[in-house]
Amino acid sequence: MEDLSLLREKEPLEILKTWLQEAEEHSEIDQANAMVLSSCHSTSKHRFKIPGFNFSKQKFRVSSRVVLLKGIQEENLLFYSNYTSLKKEQLSKNPSALNFYWPALGKQIRLEGKTRLTHRSQSVEYWKTRPWESQISQYISQQSSKLENRKILEKKWEDAQRKFYGKEVPCPHHWGGFVFQPHLIEFWRERPHRLHDRLVFAKRNSFRSKKQWKSYLLYP
Ligand SMILES: Cc1cc2nc3c(=O)[nH]c(=O)nc-3n(C[C@H](O)[C@H](O)[C@H](O)COP(=O)(O)O)c2cc1C
């Protein structure tokens, strides 16, 4: 078993790519690119309310959900979502975190960072590669807004199918990419007797230093 401390001099994004590839090639792992995205917002001024829940005693709301990694650009992780969503509101103002866990490999990667939106042209380019039916469902979705009943959604789906029958569905402005820019990456590897390996890379503030990432180990 490789000793994680031997990876201290490597670039963390290269390690991430290697682990991801290993997960993708593993016969027991489905959707190796699924990652948990956590984000938060201050409850004082926010349009997303939980019906019946009083936020007066809670300053922040923290949320997690799964999204799919769709690319790695330089040191950034790319995913796509709806710009009407709760996550978009949270990510536009606050830092966030990502988590990959592959039980079959006994490996976890945690990342902390901040997020920006991709350029519109990149969203449009990716949109065109998506199946027509997925385009239709994204086109009609007001993701994370309250839906009175399922029939409303199905009616919108049928209407949009008629509208775009035999045509291209244009990429709506409420849909696009997010670029997650990590400043901390932790690699965790399961080892016997709970003596797990934890290797952290943290981005240096100073860009004068040629090597941007500083690495260190953590107790399990
Ligand atoms: C396996 C899996 C993959 C998903 N991939 C995405 C994705 O890539 N983009 C997305 O917006 N939602 C994706 N979802 C749905 C989200 O988990 C979530 O329900 C949705 O984005 C709304 O989140 P929000 O209300 O916190 O913004 C996925 C869900 C699962 C279970």
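Up top you'll find the structure we're talking about.
As a starting point, this report considers the structure included with it. Note that the coordinates shown come from a computational prediction; the quantities given were computed from them, not determined experimentally.

## Topic: the pairing of strand S4 (residues 76-82)
Now for step 1: The side-chain alternation of S4 yields one buried face, formed by Leu 77, Phe 79 and Ser 81, and one unburied face, formed by Asn 76, Leu 78, Tyr 80 and Asn 82.
Now for step 2: One ladder, built from 3 bridges, connects strand S3 (residues 71-73) with S4; its direction is antiparallel. Bridging across to S4, Gly 71 finds its partner in Leu 78.
Now for step 3: Following S3, the chain reverses through 2 residues before pairing antiparallel with S4; Glu 74 in that reversal takes a positive phi of roughly 50°.

## Regarding the site of the ligand
Now for step 1: Residues in contact with the ligand amount to 16 residues; listed here are only the nearest, Arg 65, Ser 81, Ser 85, Lys 87 and Ser 144.
Now for step 2: For the shell around the ligand, the elements supplying multiple residues, two or more each, are strand S2 (60-68), S4 and helix H2 (86-93).
Now for step 3: The element that contributes the greatest number of residues to the shell around the ligand is S2, accounting for 5 residues.
Now for step 4: For the shell around the ligand, the class distribution of residues is 7 nonpolar, 7 polar and 2 charged.

Definitions and limits used
- Residues numbered from 1 in each chain as written.
- Predicted model: local features only at pLDDT ≥ 70, side-chain atom pairs only at ≥ 80, totals over all residues.
- Buried ≥ 20, exposed ≤ 12 C-beta atoms within 10 Å, placed from the backbone.
- Helix = DSSP H or I, 4+ residues; strand = E, 2+ residues; numbered from the N terminus.
- Pairing = 2+ DSSP bridges.
- Near = placed C-beta within 6 Å.
- Nonpolar A, V, L, I, M, F, W, Y, C, P; charged D, E, K, R; others polar.

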